[in-house]
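Architecture at a glance
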Amino acid sequence: MDTDVLVVGAGPTGLMAANELLLAGVSTVLVDRLPARSALSRAGGVQTRTLEALDQRGLLEPLLAGGDHPVGGSHFAGIPLPDAPAPDPGPGAHLPRQPWRSVPQVVLEAFFEVHLAGQGLKVRRDHELIALAQDDQSVTATFADGRSLRARHLVAADGGHSTVRSLLKAEFPGRAGTLTTIAADVRLSGADGLPTHHHSPDGHWAGIFPLGTDSEGRPLRRLAMGGPGRSLPRDVPITEEEIRDGLRAVFGDRVQLLDLCHARRITDAARQVTRYRHGRVFLAGDAAHVHLPLGAQGMNGGMQDAFNLGWKLGAAVRGWAPEGLLDSYHTERHLAGTTVLRNVQAQGLLMDWAGTRDPDVLATRDLFAELITLPEVRRRLSGLMSGTATRYPMPDTAPHPLLGRPVPDIDLGPVRVHQLLRSGRGVLLDPQDALAGAVAPWADRVDRAAGKAPVEPMLIRPDGHVCWVGDPETLRSSLTRWFGAPNRTA
Ligand SMILES: Cc1cc2nc3c(=O)[nH]c(=O)nc-3n(C[C@H](O)[C@H](O)[C@H](O)COP(=O)(O)OP(=O)(O)OC[C@H]3O[C@@H](n4cnc5c(N)ncnc54)[C@H](O)[C@@H]3O)c2cc1C
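Residues numbered from 1 in each chain as written. Predicted model: local features only at pLDDT ≥ 70, side-chain atom pairs only at ≥ 80, totals over all residues. Heavy atoms only, no water.

Once that is clear, we can look at the sheet that holds strand E23 (residues 466-469). Ordered by their spatial adjacency, four strands build an open sheet running E21-E20-E22-E23, and the pairing between neighbours is mixed. Each end of this open sheet is capped by a strand with a single partner; those strands are strand E21 (446-450) and E23. Looking at each pair of strands side by side, their axes are set apart by 15° on average, direction ignored. Relative to E21, strand E20 (residues 426-430) is paired through five bridges, and the arrangement is parallel. Bridge pairing links Leu428 to Arg448 in E21. Strand contacts of helix H13 (residues 472-483): E20, E21, strand E22 (458-460) and E23, with the helix running at about 160° to E23, the strand carrying the most contacts. (Pairing = 2+ DSSP bridges. Helix = DSSP H or I, 4+ residues; strand = E, 2+ residues; numbered from the N terminus. Axes fitted to C-alpha atoms, helices over the stretch in contact; angles between N-to-C directions. Contact = heavy atoms within 4.5 Å.)

As structure tokens, then:
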């Protein structure tokens, strides 16, 4: 075996997966076919749940300290949502949720690469996977230059056109793209203080989002635009004139293009693989789901796939994975992906991308804008978009509002709950100091945090999801379900 896990693709999904695998103590190789990191900025926004995951690994502070990452406004179909989702229900002093941040994908990738290199893992570039074979022991990947590598498991994080997905002949149902819109990184004048989304009465529209600053400290922006007659084939080059024309159609002379850094046409294709697991191969990120980058959910979903998968693969390699743990990756993340696809498709319709001005669509949008003023609706949508409403099924446990949800950042006095997760291990909150004996046989996999705190006893998985709350009768079975057999010598 050359390595425990081979991660194919060093985009946000692959980088996050590699980080989780290193934390779990398994040997990891991370390859990418590109000779150097792509300078093309794609994702611009990092959602609350991803920021929390970074905090749970001690990476949020250094990331934010490394640049100007302004808080941005989240939205649903262009209708603004509150900046940060409300904390989850449940007792305890919850710290406020992290608000959505502008962090360009290139910056995030560079940050992760440096962090991984510091732990001795360098991305192996110029490694294009072209063939794949697996048996019940291992996966063998072959690269374009003829080299091959044998691993126990493979994480396919090779993007929307995934080679691994094709080689597996994995079913990838959904809808082909029906139109294209432009996404461009630009410098603009006249855009300061404007709201994010704009529609002109004749169906042209534009979205303008902050992307931080360029090397000279000037504001960069992500511009998305479209409207009637603007859906051109993907391979038609985008000119500055086309962008100027689109800006004029929405803003008149108010907003001017100063610089065009990158531009691409994106489609509204919406697909998701039927199975995230194929034996020893796991599809993650864009390799598993593609959709319009609406509301900053693509990169975020991919990183959350990786966050879910990493500790489970670690458990499998280290030999303590309980039965069904690896399969729970499909169960949990397929469900989360379906939820994202559904909301993105609804948003695409409500936004009237094609600029049809169809009265039925406009009426639905007006009604929706009205509904969004209701606190309960805002809370629900905000939770969906930010990833904080993600709830994994927790079989055989008594219902509780926090079960299956990402744990809120409870202030325990000397430490925050999210900080406790930095070990990458499970955490048992034991406020009454009554569960030391019960958890002792899992002490090599689960840390116990004892001490008076206004919180219920709670078991938290390494990915921050609550998998048991309060009921002493079911603690043992929950520990076994998520952390494997008890250690008999403990
Ligand atoms: C214009 C635009 C704006 C977006 N905005 C947002 C946003 O604000 N927020 C958000 O969450 N998402 C956004 N997205 C989506 C986001 O960019 C993607 O979801 C994200 O890049 C997916 O990450 P990934 O790591 O799964 O795949 P990728 O980033 O595509 O990475 C895949 C990697 O695999 C490598 N690779 C491919 N094939 C092979 C092979 N055969 N062998 C080896 N390596 C291979 C590639 O070189 C690449 O580095 C946006 C996308 C676009 C296009």
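Taken as a whole, this structure holds seven aromatic pairs when the rule is applied. Arranged with centres 6.1 Å apart and planes meeting at 65°, the rings of Phe282 and Tyr329 form a pair that is edge-to-face. Separated by 47 residues along the polypeptide, Phe282 in strand E18 (residues 281-283) and Tyr329 in helix H8 (residues 325-351) bring together distant segments of the chain. For the pair Trp320 and Phe483, a centre-to-centre distance of 6.1 Å together with 25° between the ring planes defines the contact as stacked. Linking Trp320 in the loop between helix H7 (298-318) and H8 with Phe483 in helix H13, this pair joins segments that are 163 residues apart in sequence. (Phe/Tyr/Trp six-rings, centres within 6.5 Å; stacked < 30°, edge-to-face > 60°.)

What follows concerns a nonpolar patch on the surface. Together, Leu367, Leu371 and Leu374 make up an exposed nonpolar region whose accessible area comes to about 260 Å². Tracing the backbone through its elements, the reader meets Leu374 in the loop between helix H9 (359-371) and helix H10 (375-386). (Patch = residues over 30% accessible without salt bridge, like charges linked within 9 Å, V, L, I, M, F, W, Y side chains within 5 Å. Areas by Shrake-Rupley, 256 points an atom, 1.4 Å probe, with all protein chains shown as cover. Salt bridge = Lys/Arg side-chain N within 4 Å of Asp/Glu carboxyl O.)

The local shell around the ligand holds 33 residues, among which Asp32, Arg42, Gln105, Asp286 and Met299 are the closest. Within the backbone of Gly45, an N or O atom sits 3.2 Å from an oxygen atom of the ligand. Thr163 is positioned with one of its side-chain polar atoms (N or O) 3.0 Å from a nitrogen atom of the ligand. Here the ligand, which alone exposes 990 Å², has 91% of that area covered by the protein. (Near = heavy atom within 4 Å. Polar contact = N/O pair within 3.5 Å; in protein donor to acceptor, adjacent residues only side chain to side chain.)

Within a sheet, adjacent strands bond to each other through the backbone by hydrogen bonds, running parallel or antiparallel. Ordered by their spatial adjacency, three strands build an open sheet running E10-E16-E19, and the pairing between neighbours is antiparallel. Looking at which strands have only one partner, the edges of the open sheet turn out to be strand E10 (174-175) and strand E19 (289-290). Looking at chain direction, strand E16 (residues 270-272) and E19 are connected through two bridges and run antiparallel. What sits directly across from Arg271, in E19, is Val290. Strand contacts of H8: E10, E16 and E19, with the helix running at about 175° to E16, the strand carrying the most contacts.

What follows is about the domain arrangement of the protein chain. Looking at the protein chain, the domain boundaries give domain 1 (3-173 + 271-386), domain 2 (180-267) and domain 3 (393-490). Summarising the inter-unit geometry, the C-alpha centres of domain 2 and domain 3 are found 47 Å apart. (Domains from an automatic or database assignment.)

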